[in-house]
Amino acid sequence: MIEELLTPHISERFLADERYRHGHIRIINPLPGVKVLGLHIPEMKKLAQKIVKEGRHEAMIPEFRKHFLEDARCGLLYEEKMIWGMLLNRIPCSLEERLDKFRDFIPAIDNWAVCDSICSDAKWCEKKRTETWEFLQPYFKSEKEFEVRFALIMSLAHFLTEDYIDAVFERISRLNYDRIISEYEFSKTPSAGHGQVLGPVPYYVNMAVAWLLATALYKFPEKTRKFANSGILPAVIIRLYVRKAKESFRTKNVSAL
């Protein structure tokens, strides 16, 4: 949709280095048919800010939605979905209007990179945590992999606080893991960028919970260990959590269980 606007910002290394290009795409792990141009996140953030400053977002956001609805799988480039979400984090508007626009955007999330980048960038929610927490509740109950991941990564990024940690753990304990449908059309997991098969579908929900717990371990070690040892979570998630905790420089010497 805005490929001409994006093209001048493509990484030169992405264009020139085939090995780097393939590695970049493998890490993003787009769904089959989704085109990746090769922009880096800092460049996309600058472009999103420029679009908002010039007021072009007012026409662009409805067009993103229109193209997605016309072709949910291939209607938008990976970078266009990223710009769409970045615009929603930057536009001047009321919370109600922003959340309405996010309701249109969230079904378009189809990989971890878009999900996690937009969630971590959503600083606006920290001034409106009560309303945002309520907004997230239906997504915890979704059966779609990246809708659930959206709620989890928003929780990781903005709700691991004294006031919300118990509520976050409670929501995790009630996720219906067996009914969550992976967006990926195969029976084994994607590679997560390292050529490894790391767990059962839905991999990106399982890993989001593990990453959230590893982050919570740093902030609330005793409470996190108690929850992890409760027997509530699937064993695969506990294994992923322990591994993530060991990989983090903040918790590598902290007991996970």
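Residues numbered from 1 in each chain as written. Predicted model: local features only at pLDDT ≥ 70, side-chain atom pairs only at ≥ 80, totals over all residues. Heavy atoms only, no water.

### A few points about the overall build of the protein
When helices and strands are tallied, the protein shows 14 helices and zero strands. Listing every helix and strand of the protein by position from the N terminus yields α-α-α-α-α-α-α-α-α-α-α-α-α-α. Computed over its C-alpha atoms, the radius of gyration of the protein comes to 18 Å, within 12% of the 18 Å expected for a compact globule of 257 residues. When the backbone C-alpha atoms are referred to their principal axes, the protein occupies close to 50 × 45 × 35 Å. Relative to its 257 residues, the protein shows a buried fraction of 52%. Sequence separation of at least 24 residues holds for 72% of the intrachain contacts in the protein that already meet a minimum separation of 6. Between the averaged position of the 39 positive side-chain charges in the protein and that of its 35 negative side-chain charges there is a distance of 6 Å. (Helix = DSSP H or I, 4+ residues; strand = E, 2+ residues; numbered from the N terminus. Rg over C-alpha atoms; globule rule 2.2 N^0.38 Å. Buried < 20%, exposed > 50% of the residue type's maximum accessible area, 1.4 Å probe, protein only. Contact = heavy atoms within 4.5 Å. Lys, Arg positive; Asp, Glu negative; His and termini not counted. Charge placed at Lys NZ, Arg CZ, Asp CG, Glu CD.)

### Some remarks on the packing of aromatic side chains
Per the counting criterion, the structure on display carries 15 aromatic pairs. Aromatic pair Tyr139 and Phe150: ring centres 6.1 Å apart, planes at 75°, arrangement edge-to-face. Here Tyr139 is found in helix α9 (residues 129-140), whereas its partner Phe150 is found in helix α10 (residues 145-158), with 11 residues between them in sequence. You can call Phe150 buried: its relative accessible area is 1%. The rings of Phe64, Phe68, Trp84, Phe102, Phe105, Trp124, Phe135, Tyr139 and Phe150 are connected pair by pair, giving a single aromatic cluster. Over the aromatic face of Tyr218 sits the side chain of Arg250, whose NZ or CZ is 4.5 Å from the ring centroid. (Phe/Tyr/Trp six-rings, centres within 6.5 Å; stacked < 30°, edge-to-face > 60°. Lys NZ or Arg CZ within 6 Å of the ring centre and 35° of its normal.)

### Some words on the side chain of Lys81
Within the fold, Lys81 resides in helix α6 (residues 78-90). Relative accessible area serves as the criterion here: at 1%, Lys81 is assigned to the buried category. Within polar-contact distance, the side chain of Lys81 engages the backbone oxygen of Ala108 at 3.5 Å. For Lys81, the residues in contact, after removing those within four places along its chain, are Ala72, Arg73, Leu76, Phe105, Ala108, Asp110 and Val114. (Polar contact = N/O pair within 3.5 Å; in protein donor to acceptor, adjacent residues only side chain to side chain.)

### Brief notes about the packing of helix α4 (residues 41-53) against α6
The N-to-C vectors of α4 and α6 enclose an angle of 55°; their axes lie 9 Å apart at closest approach. With respect to α6, the element α4 is oriented oblique. Between α4 and α6 lies a crossing of right-handed hand. Contacts between α4 and α6 involve Ile41, Met44, Lys45, Leu47, Ala48, Gln49, Ile51 and Val52 from the former and Tyr78, Glu79, Met82, Ile83, Met86, Leu87 and Arg90 from the latter. Residue composition of the contact of α4 with α6, by class: 11 nonpolar, one polar and three charged. (Axes fitted to C-alpha atoms, helices over the stretch in contact; angles between N-to-C directions. Parallel < 35°, antiparallel > 145°, perpendicular 65-115°, else oblique. Left-handed = near helix turned anticlockwise from the far one by under 90°. Nonpolar A, V, L, I, M, F, W, Y, C, P; charged D, E, K, R; others polar.)

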